[in-house]
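Spelled out from the first residue to the last, the chains are:
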Amino acid sequence: MKRTGKKTATDRNFVVALSRGLDVLRAFHPNDGLLGNQEIAARTNLPKPTVSRLTYTLTKLGYLAPVPRFEKYQLTPAAMSLGYAALANLGVRHLSEPFREDLMRATGGAVAVGGRDRHSMIYFGQSRGSETVGVQLDVGSRVPIATSAMGRAYFWALDDTDRAELSRLLREHYGSRWPKMRDGLERSGETVAKHGFAISVGDWHDDIGAAGVALRLNDGTGPYAFNCGAPAFRFTEERLINDIGPRLLAMVRNIEAALGGLMPHSKKDVSKKLKSGGKLARVAEGSDSLCHHRERFASPLRSLNDVSETR
């Protein structure tokens, strides 16, 4: 986790102390349990004395509970209530659930929806069945933007300015690892431009294959992104391109239609289009939609090199 940048820290409206306090809360990840001041300092890049004052304050406010026996802290229900309140206000999470469940049953893959949190995508909705025991992710889990199907779909859904800024942040975060990740992002952009979805086979996790599709809402929030993943021996690149990706794309377009008050495509329509060849042009409803996506993602393929360092 990076410290607050100089430009942000000198903003008269920016409260640095609040930012650092929130960084402490963000240092707790799912399944962490307890964290001590030294561990929090390492994760936030904040000085340990500063962390000590912040954990003391957050304890007084009821967001952290001290565990004296181990000289560590844990999040309290008061802190978790912030996350639950956010989840409750994400209408796309609730509306997408039946769609996610249908796709999970149809493909045998785990289907999730997530949004960006700094350098990662964080799950806020997950549908997983007995066939996806190899995908141990749940609400609150994070996947990297640069190498996951969900993250790649999100990346190419951004406008040029936001994508350039995110590229800069990723480059600073990953350092010498960035050029290889950037190459993967460029290839995924070509896949998005051609098919309307991103894929990742062994790029994030050796044993996971997944497709990703972005969703942008008319109210200006997001974009969000969905993925459908399973062990790589089941979700091969060929199956992701010809079956899983088109199904996921159709699902997300149906969610967009439902959010916009339009009639979603029926399962019969989607099934018929998949049987006729499984190509995106027959899954996405109408050639105008496909052209829109190709135009939207064609120019960004060039912009990634423009904002990245010289190889």
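Residues numbered from 1 in each chain as written. Predicted model: local features only at pLDDT ≥ 70, side-chain atom pairs only at ≥ 80, totals over all residues. Heavy atoms only, no water.

### Points about the overall build of the chain
Across its full length, the chain holds 14 helices and 8 strands. When the 311 residues of the chain are sorted by exposure, 46% land in the buried category. Across the chain, the fraction of contacts at a sequence separation of at least 24, relative to all contacts at a separation of at least 6, is 60%. When the accessible surface of the chain is summed, it comes to about 16,300 Å², and 52% of that surface belongs to carbon and sulfur atoms. (Helix = DSSP H or I, 4+ residues; strand = E, 2+ residues; numbered from the N terminus. Buried < 20%, exposed > 50% of the residue type's maximum accessible area, 1.4 Å probe, protein only. Contact = heavy atoms within 4.5 Å. Areas by Shrake-Rupley, 256 points an atom, 1.4 Å probe, with all protein chains shown as cover.)

### Some thoughts on the pairing of strand 8 (residues 224–231)
Most of strand 8 sits inside the fold, with 8 of its 8 residues counted as buried. In terms of strand pairing, strand 3 (residues 110–117) meets strand 8 through 5 bridges, oriented antiparallel. Across the sheet, the residue bridging to V113 is F226, located in strand 8. Across 8 bridges, the pairing between strand 7 (residues 208–215) and strand 8 is antiparallel. (Pairing = 2+ DSSP bridges.)

### Details of the sheet that holds strand 5 (residues 142–144)
Spatially, 6 strands are ordered 5-4-3-8-7-6 in an open sheet, and the strand pairing comes out antiparallel. Every interior strand has two partners, whereas the edge strands, strand 5 and strand 6 (198–201), have only one. Here the average twist between neighbouring strands, direction ignored, is 30°. When strand 6 meets strand 7, the two strands line up antiparallel, connected through 4 bridges. Its bridge partner being in strand 7, V201 is matched across the sheet by G209. Contacts from helix 6 (residues 91–107) reach strand 3, strand 4 (120–127), strand 7 and strand 8 within the one sheet, and its direction differs from that of strand 4 by about 75°. (Axes fitted to C-alpha atoms, helices over the stretch in contact; angles between N-to-C directions.)

### Some details on the packing of helix 8 (residues 160–174) against helix 9 (residues 178–195)
Relative to each other, helix 8 and helix 9 sit at 145°, their axes nearing to 9 Å. For the pair helix 8 and helix 9, the contacting residues are S167, L170, R171 and Y174 in the first and W178, M181 and L185 in the second.

### Quick look at a nonpolar patch on the surface
Nonpolar side chains collect at one region of the surface, where V15, L18 and L22 lie side by side and expose about 280 Å² of accessible area between them. Turning to its location among the elements, V15 is positioned in the loop between helix 1 (6–9) and helix 2 (16–26). (Patch = residues over 30% accessible without salt bridge, like charges linked within 9 Å, V, L, I, M, F, W, Y side chains within 5 Å. Salt bridge = Lys/Arg side-chain N within 4 Å of Asp/Glu carboxyl O.)

### A closer look at the nonpolar core
The biggest cluster of nonpolar side chains holds 26 residues, and the ones touching the most others in it are L215, F226, L248 and M251. Counting residues per element, the ones that place at least two in this core are helix 6, strand 3, strand 7, strand 8 and helix 10 (237–259). With 8 residues, helix 10 is the largest single contributor of residues to this core. The residues touching L215, leaving out its near neighbours within four places in the chain, are V92, P223, Y224, A225, F226, V252, I255, E256 and L259. Counting residues in each nonpolar core, the second largest holds 24 residues, with A112, Y123, W156 and L166 among its members. (Core = buried A, V, L, I, M, F, W, Y, C linked by side-chain atoms within 4.5 Å.)

### Looking at the pairing of strand 3
The buried count for strand 3 comes to 7 of 8 residues, which makes it a mostly enclosed element. As judged from the 7 bridges shared by strand 3 and strand 4, these two strands associate in the antiparallel manner. If you follow G114 over to strand 4, its bridge partner there is Y123. From the end of strand 3 to the start of strand 4, which pair antiparallel, there are 2 residues, and R118 there has a positive phi angle of about 60°.

### Some points on the side chain of D117
Position of D117 among the secondary structure elements: in strand 3. A polar side-chain atom of D117 sits 2.4 Å from a polar atom in the side chain of R142. Once residues lying within four places of it in the same chain are set aside, the contact partners of D117 are R26, I122 and R142. (Polar contact = N/O pair within 3.5 Å; in protein donor to acceptor, adjacent residues only side chain to side chain.)

### Brief notes about the packing of aromatic side chains
This model, assessed by the stated rule, comprises 2 aromatic pairs. Here the aromatic rings of F124 and Y224 are separated by 5.5 Å at their centres, their planes lie at 80°, and the arrangement is edge-to-face. In this pair, F124 sits in strand 4 while Y224 sits in strand 8, placing the two residues 100 residues apart along the sequence. A relative accessible area of 13% places Y224 in the buried class. Centre to centre, the rings of F155 and W156 are 5.1 Å apart; their planes meet at 80°, and the pair counts as edge-to-face. Judged by its relative accessible area of 0%, F155 falls in the buried class. Given the relative accessible area of 0%, W156 is considered buried. (Phe/Tyr/Trp six-rings, centres within 6.5 Å; stacked < 30°, edge-to-face > 60°.)

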